Each structure stands twice: as C-alpha cells, then as structure tokens.
Amino acid sequence: MKYLQASTKSRCIRIDFVKGVEEHREAEVALEAPVTIVVNGREMVTLFATPIDLKELALGHLLGQGVIRSTEEVSSLEILGSRISVETKVDVSDRVSEYGKLRVITSACGSTEDFYHILDQIDRPYVNSDYTVTLEALIEAVKELNRLSVRGHLLAVHSTGLFTDSSLVAYAEDVGRHNSIDKVIGQAALKGIDFRSSMLVTTGRQPADAVLKCARVGIPISVSIRDPIHSGIFAAWRTGVTLVCGARGARVDIYTHPRRIRYTFGSSKEPFST
C-alpha cells in the first residue's frame, strides 16, 4: 500500500450542549500508519506516524537517534509501501544495536524503559554554538508556526518548524510529536542546513528524548508552546540546548542556557543548575 495523504474523512454527530443542537457532519481525521525503518537489511523500528514525507522521517529519525552522523553516510534509501529501506556506506551495526532491539514506538512516544535508557545517555552529545536570536524573532517564529498549523484545530496533529535567521527552512506535521521533529530534521539535512545556526519550534512537549534529537544534530535552541517536562529540562541542561517552553500569549519561559535569547531587560542569568 502506498500512502499519499495525511488525513481522511469520517462521519460524526457534533453536539452543541450549550445551544442544545446536534449536527450530522463529515470531519477531517488525521491518519496514522505503521512505518518500518530497515537499516542494512535489519528491521530497526516501526513508527506509528502520519504517512507522508517518509524519506524525511527516516533520515531525521536516524540522525536524531545517532544511528547516522550525516546524510553522507547513506548510500541508498528506498520506500516500499510502509517500509523504508536504508543502506549505509559505513558499518552502523554497533549504533543500531545501541538503539535497541526491534520495538514499536507509538505516537504516545515510548515507554518508561526508553526514558531511563535516554537518561543514561544524555551526557554524550553537547551543543557548542554561539547562535543567538532576539526575543522578537522567537515570538514571530511561534506565530508563523501557529499560522501554518492548518490542522492544529483537530488536536491530533503536531507541527514543527526549523528557523534560521528568522526564516522558516523546514516544516512538518505528524500525529506524533517526535515524528514531526524527525521529519523537519530530515528535510533540513537534505537541504544542507547548518543545524548549529538554527532554532526549532514545535507544538509538542519537550521531554528528554525530544531534546536529545536536537542535541545530536547540533540544534542550539528548542522552543515549545507547551509547558515543560522535567526530563526535558534536565536533558537540555546537560546537552547545552537552550530550552524555551510555554511560548504562547504574552510569555515565554526560558529554562536552560538563556544566553542565546537576546532581550533588553532583566539579568538573563541561569535560572538553576542541575
């Protein structure tokens, strides 16, 4: 089966309990499908994802999980229905083994065992980047992401964008917040974007594993409209990522490495250390 769309239609009864009326209607519903990534003939993972931008999803996932260091390590990538077969120029068997045994990550995004494995690994990547953005540029990036999130009203699809010098260079939507980040990383890698001078903005929460995706490819600033999760703060502190959460309305909360966000009031000191 070849997947070509991100959503479908489904009949429902919409009830307005304030007005006391019902409406029979056709609603747009986000699609989710299993997508298996195979590396050098070995099944590595099955992701439940929005079945579009599969090339970008595979490359971004492999980069974000540290299985490949760059797209230059890939010799071929073939999409056969719901399977993505990737061949590499170098031996990555040890990296695949480190990634873990064959498992299924749903759009609920992992398990407790995954979490503790991640915490055990978070001291490895570290982002050394002097890239900074103004507070105004950050706010405008959040506004642009919100404008682009055309299916955001479904509350079933996450959106992620990558910005460099206030310009959007990659954008993706997916039912899984991690998948939308993977797709953006994949898009940017294919375009040759310098991750060290970029800012990621997403509608999804930023736990440790999402922050690590940024750290592994060198993205110095990660922004979410959601409130923080402590594992994400801890991971960002340890990996040198500037983590901004709650970016909505008239506020943003900077949790780690605030030197990369430029503004003209306050002290910009670290809020805490871990």
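These numbers come from a predicted model, not from an experiment.

**Quick look at the overall build of the chain**
Helices and strands together make up the secondary structure of the chain, namely seven helices and 15 strands. Evaluated residue by residue, the chain yields a buried proportion of 48% over its 274 residues. For the chain, the share of sequence-separated contacts (at least 6 apart) that also reach a separation of at least 24 residues comes to 52%. When the accessible area of the chain is evaluated, it comes to approximately 13500 Å², of which 50% is carbon and sulfur surface.

**Brief notes about the sheet that holds strand E12 (residues 221-224)**
Reading across from one edge, E10-E9-E11-E12-E13-E14 is the order of the six strands in this open sheet, with mixed pairing throughout. In the strand order of this sheet, the two ends are held by strand E10 (167-174) and strand E14 (251-254), each with one partner. Going from strand to strand, the sheet's axes swing by 20° on average, the running direction of each strand aside. In this sheet, strand E11 (residues 199-202) lies alongside strand E9 (residues 158-164) in antiparallel orientation, the contact comprising four bridges.

**Some remarks on the side chain of Ser222**
Within the element layout of this structure, Ser222 appears in strand E12. By relative accessible area, Ser222 is classed as buried at 0%. A distance of 2.5 Å separates the side chain of Ser222 from the side chain of Gln206, its partner in a polar contact. Discounting residues that sit within four places of it in the chain, Ser222 has contacts with Leu200, Gln206, Cys214, Val241, Thr242, Leu243 and Val244.

**With respect to the packing of helix H1 (residues 54-64) against helix H5 (residues 177-191)**
Packing of H1 against H5 leaves a shortest axis separation of 6 Å and a crossing angle of 95°. Considering their axes alone, H1 and H5 lie roughly perpendicular with respect to each other. Counting all contacts with H1, which are made through Lys55, Glu56, Leu57, Leu59, Gly60, His61 and Leu63, the residues of H5 involved are Asn179, Asp182, Lys183, Ile185, Gly186, Gln187, Ala189 and Leu190. Of the residues contributing to the contact of H1 with H5, the split by class is six nonpolar, five polar and four charged.

**A closer look at the confidence of the model for the chain**
Looking at the chain, pLDDT values average 85 and 84% of them are 70 or higher. In the model of the chain, strand E7 (residues 103-105) stands out as the element of lowest mean pLDDT, 43, in contrast to E11, which has the highest, 98. Long-range and interchain partners of residues 101-108, a stretch whose pLDDT sits below 50, account for 21 contacts in this model, where long-range means more than four residues apart.

**A closer look at helix H7 (residues 230-239)**
In terms of burial, H7 is a largely internal element, seven of the ten residues being buried. After H7 finishes, the residue Gly240 shows a positive phi value of roughly 80°.

**Regarding unusual backbone geometry**
Its identity as a non-glycine residue notwithstanding, Asn40 has a phi of 50°, on the positive side. Relative to the helices and strands, Asn40 resides in the loop between strand E3 (33-39) and strand E4 (42-49). Judged by its relative accessible area of 35%, Asn40 falls in the partly exposed class. With a phi close to 55°, Asp53 is a non-glycine residue in the positive phi region.

Cut-offs used in this document
- Residues numbered from 1 in each chain as written.
- Predicted model: local features only at pLDDT ≥ 70, side-chain atom pairs only at ≥ 80, totals over all residues.
- Heavy atoms only, no water.
- Helix = DSSP H or I, 4+ residues; strand = E, 2+ residues; numbered from the N terminus.
- Buried < 20%, exposed > 50% of the residue type's maximum accessible area, 1.4 Å probe, protein only.
- Contact = heavy atoms within 4.5 Å.
- Areas by Shrake-Rupley, 256 points an atom, 1.4 Å probe, with all protein chains shown as cover.
- Pairing = 2+ DSSP bridges.
- Axes fitted to C-alpha atoms, helices over the stretch in contact; angles between N-to-C directions.
- Polar contact = N/O pair within 3.5 Å; in protein donor to acceptor, adjacent residues only side chain to side chain.
- Parallel < 35°, antiparallel > 145°, perpendicular 65-115°, else oblique.
- Nonpolar A, V, L, I, M, F, W, Y, C, P; charged D, E, K, R; others polar.
- pLDDT = per-residue confidence, 0-100.

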